[in-house]
Amino acid sequence: MTFADKIKAFFAGNKALGDAEMEALTDLLVEGDFGAVEAYRIAETLDARCKKEKCADSEGAKAVLAAILRETLAKAGTAKTLPPTVAEPASLSVILLLGVNGVGKTTTAAKLCAYYAAYRPVLAAADTFRAGAIDQLKRHGERLGVRVVAHKSGGDPAAVVFDSLKAAAADGSRLVIADTAGRMHTRKALVEELKKIDRVVENAGNAGCFKYLALDATTGRNAVAQAEVFHEAVRLDGVILTKTDSTAKGGVLFSLAGQIALPAAFLCNGEQYENLSVFDPERFVDGFLGITGSR
Ligand SMILES: Nc1nc2c(ncn2[C@@H]2O[C@H](COP(=O)(O)OP(=O)(O)OP(=O)(O)O)[C@@H](O)[C@H]2O)c(=O)[nH]1
Ligand SMILES: [Mg+2]
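Right, let's walk through the structure included here.

Cut-offs used in this document
Residues numbered from 1 in each chain as written. Chains lettered and ligands numbered in written order. Predicted model: local features only at pLDDT ≥ 70, side-chain atom pairs only at ≥ 80, totals over all residues. Heavy atoms only, no water. Core = buried A, V, L, I, M, F, W, Y, C linked by side-chain atoms within 4.5 Å. Buried < 20%, exposed > 50% of the residue type's maximum accessible area, 1.4 Å probe, protein only. Domains from an automatic or database assignment. Contact = heavy atoms within 4.5 Å. Helix = DSSP H or I, 4+ residues; strand = E, 2+ residues; numbered from the N terminus. Expected span 1.5 Å × (residues − 1). Near = heavy atom within 4 Å. Polar contact = N/O pair within 3.5 Å; in protein donor to acceptor, adjacent residues only side chain to side chain. Areas by Shrake-Rupley, 256 points an atom, 1.4 Å probe, with all protein chains shown as cover. 1 Å grid on protein atoms, 1.4 Å probe; cavity = no way out; pocket = protein on both sides within 12 Å on 5 of 7 lines; lining within 4 Å. Sits in = over half its atoms within 2 Å of the grid points. Nonpolar A, V, L, I, M, F, W, Y, C, P; charged D, E, K, R; others polar. Points joined across faces, edges and corners; volume = space filled by probe spheres on them. Phe/Tyr/Trp six-rings, centres within 6.5 Å; stacked < 30°, edge-to-face > 60°. Lys NZ or Arg CZ within 6 Å of the ring centre and 35° of its normal.

Description of the nonpolar core
Side chains that are nonpolar tend, in soluble globular proteins, to be buried together.
Alright, step 1. Leu69, Leu253 and Leu256 are the most contacted members of the largest nonpolar core, which has 56 residues in total.
Alright, step 2. Summarising the domain contributions, this core has at least three residues from each of domain 1 (3-75) and domain 2 (93-288).
Alright, step 3. Setting aside anything within four residues of it in sequence, one finds Leu256 in contact with Leu215, Ala223, Val224, Ala227, Val239, Ala261 and Leu262.
Alright, step 4. Leu123, Ile134, Leu137 and Tyr212 belong to the second largest nonpolar core, which has 24 residues in total.

Side note on helix α8 (residues 187-203)
In an α-helix, one full turn covers 3.6 residues, which means residues spaced three or four apart are oriented alike.
Alright, step 1. The terminal C-alpha atoms of α8 lie 24 Å apart, and with 17 residues this matches the ideal 24 Å at 1.5 Å per residue to within 8%.
Alright, step 2. For α8, the complete set of buried residues consists of Leu190, Val191, Glu193, Leu194, Ile197, Asp198, Val200 and Val201.
Alright, step 3. Contact partners of the buried residues in α8: β1 (93-98), α7 (157-171), β4 (175-180), β5 (208-216) and α9 (223-234).

Here's the deal with the site of ligand 1
Alright, step 1. Residues in contact with ligand 1 amount to 17 residues; listed here are only the nearest, Lys105, Thr106, Thr107, Asp245 and Glu271.
Alright, step 2. At 3.0 Å, a backbone N or O of Gly102 approaches an oxygen atom of ligand 1.
Alright, step 3. At 3.2 Å from an oxygen atom of ligand 1 is found a main-chain nitrogen or oxygen belonging to Val103.
Alright, step 4. Protein burial of ligand 1: of its 660 Å² of free accessible surface, 79% is covered by the chains.
Alright, step 5. Under a 2 Å grid-point criterion requiring more than half of the atoms, the pocket assigned to ligand 1 is the largest pocket.
Alright, step 6. Looking at which element gives the most residues to the shell around ligand 1, the answer is helix α5 (residues 105-115), with 4 residues.
Alright, step 7. Its residues placed into classes, the shell around ligand 1 shows 2 nonpolar, 8 polar and 7 charged.

Let's talk about the layout of surface pockets
It is the rolling of a water-molecule-sized probe over the atoms that shows where space remains empty.
Alright, step 1. Approximately 420 Å³ is the volume attributed to the largest pocket.
Alright, step 2. Along the walls of the largest pocket sit 25 residues, with Gly102, Val103, Gly104, Lys105 and Thr107 positioned nearest its centre.
Alright, step 3. Breaking the lining of the largest pocket down by element, the ones donating at least two residues are α5, α6 (133-144) and β4.
Alright, step 4. Residue contributions to the lining of the largest pocket peak at 5 residues, all from α5.
Alright, step 5. For the lining of the largest pocket, the residue count by class is 4 nonpolar, 12 polar and 9 charged.

Comments concerning the packing of aromatic side chains
Alright, step 1. Enumeration over the complete set of coordinates arrives at 12 aromatic pairs.
Alright, step 2. On the basis of an interplanar angle of 85° and a centroid distance of 5.0 Å, the ring pair of Phe10 and Phe11 is categorised as edge-to-face. Of the two residues examined, Phe10 and Phe11, each falls in the buried class.
Alright, step 3. Seen in terms of ring centroids, Tyr115 and Phe266 are 5.8 Å apart; in terms of plane orientation they differ by 80°. Their pairing is edge-to-face. With Tyr115 in helix α5 and Phe266 in strand β7 (residues 264-268), this residue pair connects regions lying 151 residues apart in the sequence.
Alright, step 4. Through successive ring pairs, a cluster of aromatic residues spans Phe3, Phe34, Phe254, Phe279, Phe284 and Phe288.
Alright, step 5. Lys80 extends its terminal NZ or CZ atom over the ring of Phe210, reaching a point 5.0 Å from the ring centre.

What follows is the structure in structure tokens.
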């Protein structure tokens, strides 16, 4: 039984929701990657609100839960995103993709190039740490017809971003999308490197800098701790949840919103360039509760 089926089964029939059911729902939310703290908070809020509103059946409770989940996402606000069409007069923007190794940063950088094609983006190969990372990005650049600015493997990632900004400005491009390394010798080294890249971008006097954490939906409950490290280092603008086409449940987005006020910006649901969509909280909650079926 998939997670969505379990949620559906839980709310099916017109049964009353007593203490035992609330406990089962909390377990279900924990299973859905909410993390214990957020699962308990949401189940308690649901219980209190159902009592207050005298809604005793599961259909009513589901509607109340949907409202609570929407409010949880709303608390984090809307992630800052560039519109897909270029506003005039256009200035240069930068998207930094951050995240631990293997979450899908490079693939997402390529997807964003396709999504923001109107900006004539330039890719910055700022993952100089992992062998093969530069070539991987170059292959995407070739397929997409996008310029890739790269230095040698082992070079300074902040310098790559700096050169990409110059190249973009010279080319009349409106957007630099920077792929970064997910791993360094130590976590401290990673944070220092990200801060250095961040300073280059902030000092470049660009109109907009968008710092997104790519997060693998299958990471589960560990995601909040992971996000906190990056959020403290560079103050993230949002999360891009990748691999939502997997068996992941997505509850992690509620924990990120509820616990560290970090909103989602995009969802990725596959390996193709078109498998990227702007995050839509209404649709996400409906999908999560099986109200319309898909996310
Ligand atoms: N199913 C699925 N796979 C994805 C998605 N996004 C990325 N992948 C796959 O995940 C794997 C890792 O993707 P990368 O883009 O290389 O990840 P990365 O974060 O750049 O990895 P490092 O550079 O090693 O830190 C690849 O096999 C991708 O094809 C997605 O939305 N869905
Ligand atoms: Mg990569």
